[in-house]
Amino acid sequence: NTRSFNNLLSGTFVITEDLLAAFTLTNLTCVDPDNGTTTDLANRKVTIDLDLGESVVCTYTVAQRGTIRIIQDTNPDGPQNFGYTTIGLTPINFVLDDDTDPVLPNIRTFSNVIPGSYTVTQNIFNGFDVTDLTCIDPDNGTTTDLANRKVTIDLDPAETVTCTYVDAP
């Protein structure tokens, strides 16, 4: 996890981290005795100003992306379609149902999600109430709000959080 370049002449050196689909660069720091080195987190790049006899150490901190799964469980199963609205996820809106019709699934998976906080709210469907709302989160950081049909997901690096909405007439 370390790469050293020794016996370099003084000068300017640029190092850029490659973009990896399953990881997100979360921090980029350099220790430079005369503070001549600059960092560019958005472009994953450091520009090192190396002076004679100087050592500069740069650290790229990455976090593996996670997965969020939303499951619709209707009791009894039926042709009702349930809409959802998200904050921070794409798409912002999606629809699930829990029947044998293959047109709409009963599970929506969001893959390669950057660690952070996300909200998913089930839209009101007349004639049905959310009777149970549970989330499986390995570190228990996710919260549920049954009355408002909402989950606030705390997604950590490499984590999978699964939330199930149970609706009944």
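Located above this text is the structure these notes cover.
These lines cover the structure that appears in this document, whether it is placed above or below. (Residues numbered from 1 in each chain as written. Predicted model: local features only at pLDDT ≥ 70, side-chain atom pairs only at ≥ 80, totals over all residues. Heavy atoms only, no water.)

1. Observations regarding the state of the cysteines
Okay, so step 1: Tallied over the full model, the rule gives two disulfides.
Okay, so step 2: Here cysteine 30 engages in a disulfide with cysteine 58; their sulfurs sit 2.1 Å apart. As the torsion about the S-S bond is roughly 110°, the cysteine 30-cysteine 58 disulfide counts as right-handed. Here the residue cysteine 30 occupies a position in strand 2 (residues 23-31), and cysteine 58 occupies one in strand 5 (residues 57-64), the gap between them amounting to 28 residues.
Okay, so step 3: By relative accessible area, cysteine 30 is classed as partly exposed at 23%. (Disulfide = S-S within 2.5 Å. Helix = DSSP H or I, 4+ residues; strand = E, 2+ residues; numbered from the N terminus. Buried < 20%, exposed > 50% of the residue type's maximum accessible area, 1.4 Å probe, protein only.)

2. What about the environment of threonine 39?
Okay, so step 1: On the secondary structure map, threonine 39 appears in strand 3 (residues 38-40).
Okay, so step 2: Distance from threonine 39 to valine 166, taken between C-alpha atoms, is 48 Å for residues 127 residues apart in sequence.
Okay, so step 3: In contact with threonine 39, not counting residues within four places along its chain, are Leu28, Thr29, Cys30, Lys45 and Val46. (Contact = heavy atoms within 4.5 Å.)

3. Observations regarding the pattern of salt bridges
Okay, so step 1: Inspection of every chain in the model, using the stated rule, returns one salt bridge.
Okay, so step 2: For the salt bridge of aspartate 167 with arginine 149, the shortest nitrogen-to-oxygen distance reads 3.6 Å. Of the two residues, aspartate 167 sits in strand 14 (residues 160-168) while arginine 149 sits in the loop between strand 12 (143-145) and strand 13 (150-155), which places them 18 residues apart along the sequence. (Salt bridge = Lys/Arg side-chain N within 4 Å of Asp/Glu carboxyl O.)

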